[in-house]
Amino acid sequence: MVRALWVDGDAPRAGEPRAVRSGRIDDGRGRQPALLLWMPGPRSYTREDVAELHLPGSPPLLRCAFERLVAAGARPAGPGEFTRRAFESGRIDLTRAEGVLALVGARCAEERRAALALVAGGLAERVGGLRSALEELRATCEASLDFEEAETGHVPRADLERAARAVAEALAEALRWERRRAPSSGEARVVLAGAPNAGKSTLFNALTEDGAALVSGQAGTTRDVIEGSWTLGGTRVTLVDGAGEGSEEVTEGTVDALARDRARGAREAADLVLWVVDAARTDASAIVAEAAGLPAAAPCVLAWSRLDEACATPRPPEEVLAAGRPALWAAVSAVAGTGLDDLAAACSGVLGLGAAQSGALGLGGLPRELSERHGAGLRAAADALAAGLDAWSGGATLDLFAAHLREATDALDEIDGRTTSEAVLDRLFDRFCIGK
Ligand SMILES: Nc1nc2c(ncn2[C@@H]2O[C@H](COP(=O)(O)OP(=O)(O)OP(=O)(O)O)[C@@H](O)[C@H]2O)c(=O)[nH]1
Ligand SMILES: [Mg+2]
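The rules behind the values
Residues numbered from 1 in each chain as written. Chains lettered and ligands numbered in written order. Predicted model: local features only at pLDDT ≥ 70, side-chain atom pairs only at ≥ 80, totals over all residues. Heavy atoms only, no water. Domains from an automatic or database assignment. Pairing = 2+ DSSP bridges. Helix = DSSP H or I, 4+ residues; strand = E, 2+ residues; numbered from the N terminus. Donors = N, O, S within 2.8 Å, 3.2 Å for Na, K, Ca; no water. Phe/Tyr/Trp six-rings, centres within 6.5 Å; stacked < 30°, edge-to-face > 60°. Buried < 20%, exposed > 50% of the residue type's maximum accessible area, 1.4 Å probe, protein only. Lys NZ or Arg CZ within 6 Å of the ring centre and 35° of its normal. Expected span 1.5 Å × (residues − 1). Right-handed = clockwise from strand over helix to strand, strands pointing away. Core = buried A, V, L, I, M, F, W, Y, C linked by side-chain atoms within 4.5 Å. Contact = heavy atoms within 4.5 Å. Near = heavy atom within 4 Å. Polar contact = N/O pair within 3.5 Å; in protein donor to acceptor, adjacent residues only side chain to side chain. Nonpolar A, V, L, I, M, F, W, Y, C, P; charged D, E, K, R; others polar.

### Some words on the domain arrangement of the protein
Here is step 1: Partitioning the protein into domains gives domain 1 (2-76), domain 2 (95-182 + 365-430) and domain 3 (189-358).
Here is step 2: Using only C-alpha atoms to locate each centre, domain 1 and domain 2 end up separated by 43 Å.

### Quick word on the sheet that holds strand S4 (residues 50-54)
Here is step 1: Spatially, S1-S2-S3-S4 is the arrangement adopted by the four strands of the open sheet, whose pairing is antiparallel. Both edges of this open sheet fall to strand S1 (6-7) and S4, since each of them pairs with a single strand only.
Here is step 2: Here strand S3 (residues 31-39) runs beside S4; their pairing, made up of five bridges, is antiparallel. The partner of Leu35 across the bridge, within S4, is His54.

### Some words on the coordination of the magnesium ion (ligand 2)
Here is step 1: Surrounding the magnesium ion (ligand 2) are the protein donor atoms Ser201 (OG) and Thr222 (OG1), at 2.0 Å. With a gap of 21 residues between them, Ser201 in helix H8 (residues 200-207) and Thr222 in the loop between H8 and strand S6 (226-232) connect regions that are remote in the sequence.

### Describing the packing of aromatic side chains
Here is step 1: Enumeration according to the criterion identifies two aromatic pairs in this entry.
Here is step 2: Consider the rings of Trp392 and Phe401, whose centres lie 4.8 Å apart with planes at 20°: the pair is stacked.
Here is step 3: Residue Trp392 is classed as buried on the basis of its relative accessible area, which comes to 3%.
Here is step 4: Taking the ring centre of Trp177 as reference, the NZ or CZ of Arg126 above it sits at 4.5 Å.
Here is step 5: Its end group placed over the ring of Trp392, Arg157 keeps NZ or CZ at 3.7 Å from the ring centre.

### Remarks on helix H14 (residues 368-393)
Because each turn of an α-helix spans 3.6 residues, side chains separated by three or four positions in sequence point in the same direction.
Here is step 1: Helix length check: H14, at 26 residues, gives a terminal C-alpha distance of 37 Å against a target of 38 Å (1.5 Å per residue), a fit within 8%.
Here is step 2: Looking at the residues trailing H14, positive phi occurs at Gly395, about 95°.

### A few points about the pairing of strand S9 (residues 300-305)
Here is step 1: In terms of burial, S9 is a largely internal element, six of the six residues being buried.
Here is step 2: Burial along S9 is two-sided: Cys300, Leu302 and Trp304 facing one way and Val301, Ala303 and Ser305 facing the other are all buried.
Here is step 3: Note that strand S8 (residues 272-278) and S9 share six bridges and pair parallel. What sits directly across from Trp275, in S9, is Leu302.
Here is step 4: For the crossover from S8 across helix H10 (residues 284-292) to S9, the handedness is right-handed.
Here is step 5: Bridging between S9 and strand S10 (residues 328-331) involves four bridges; their strand directions are parallel. From the neighbouring strand, Trp304 faces S10, where its bridge partner is Ala331.

### Section: the nonpolar core
Here is step 1: Counting residues in hydrophobic clusters, the biggest one holds 44 residues, and the most contacted among them are Leu171, Leu378, Leu385 and Leu412.
Here is step 2: If you list the elements that add at least two residues to this core, you get helix H3 (81-88), helix H4 (94-105), helix H5 (109-119), helix H6 (122-144), helix H7 (157-181), H14, helix H15 (398-416) and helix H16 (422-430).
Here is step 3: For Leu171, the contacting residues outside a window of four places in its chain are Leu130, Leu378, Ala381, Ala382, Leu385 and Leu412.
Here is step 4: Val190, Leu192, Val237 and Val301 belong to the second-largest nonpolar core, a separate cluster that totals 26 residues.

### Comments concerning the site of ligand 1
Here is step 1: Taken together, the neighbourhood of ligand 1 is formed by 22 residues, with Lys200, Ser201, Thr202, Gly220 and Thr221 sitting nearest.
Here is step 2: Arg306 has a polar side-chain atom sitting 2.9 Å from an oxygen atom of ligand 1.
Here is step 3: Interatomic distance of 2.8 Å between a side-chain N/O atom of Asp308 and a nitrogen atom of ligand 1.
Here is step 4: The residue inventory of the shell around ligand 1, partitioned by class, reads six nonpolar, twelve polar and four charged.

The following block contains the structure:
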């Protein structure tokens, strides 16, 4: 099809090896310069013949070319279609395909690393090794069936059991490995606190990727509790903004009281309280009182705000420091964007994120449904083998033991996609938001 639209240059011929051609394509309204990458199967991502067009990046020109290609019989790829074809042609196993999916959706360095480990075959190779070990055990069982106990060729029960226990240990280790890669029980919650107008929402907008909290010079602007994603040195945390709380009394039953209660609830559930105080404030005793009202259960980092308007970086009052709250502080200007890295470093230090990252295997970061699917497959294999070993110790026959081993292998086949059902595949690939 591309060949039919290709003008001003030689189009690659069927059977021709990999090639790059420059020429033009007739987009129906004109001729656009184009580069054609020709990748004949099976040396392509999907193992099919692939022609990749590189066109000028102008949206109207792209639209013309796209419409012309569709008119000539092409169609846009469905979600994840290229990767699904690569999987279905046997080019990659299901866990590597999931790695591509996770890589496309990775939102921080931690998630990218976990996805790359899958793409590199980290899980597929483990599963392959376990499957070989189980198949070898089953082959031994089946070969043994042909011999009487007294004959050479019959494998003693104790030897089979020892070999099976070694595979069970390897499965348990694979499960531990998978668990270390699972997302932690949830992202850490960093909750903003401080007096009304302290600059919490402005800071929220500066720190989060899509922060759109309403900001104004009027005290009491924020009423709802809102959440955003903040990436702290490669790890995502949830940043939470809510109503401020100062020394002013609030009438019970009013919307202000409701907003205050919601914000208090959010602070009580915080892993870290990010206490925002205007750097120009000089009322030390009121600052001490404010600190005393912060929840005691979570550590606290102080952000001196509006650094652009302050004469100097203040030091927290001694009473506050003596109480160990805040643990650390930083001065920022959310408007000028200064001090934000220092603040991130303080928060990630208090949350211990730096330490988790440098841990050799503290990777986490795999999308939950993937790590759950892998974990479930490994657990099912481990359970089947454990049931087999139990039966074996109770005197079960070789036949029965071999049936348990087959069940364990079947569970592994589900993980790397040898036998995964169409419904599960549809669900997995539908998560791709783009054709890749
Ligand atoms: N110059 C300067 N102004 C700031 C900065 N941060 C916030 N402001 C201003 O301070 C005012 C209050 O900011 P908000 O972010 O709405 O404060 P808040 O703590 O969320 O206030 P409430 O929601 O009412 O509790 C706004 O007029 C902001 O523009 C800053 O870094 N520099
Ligand atoms: Mg606000």
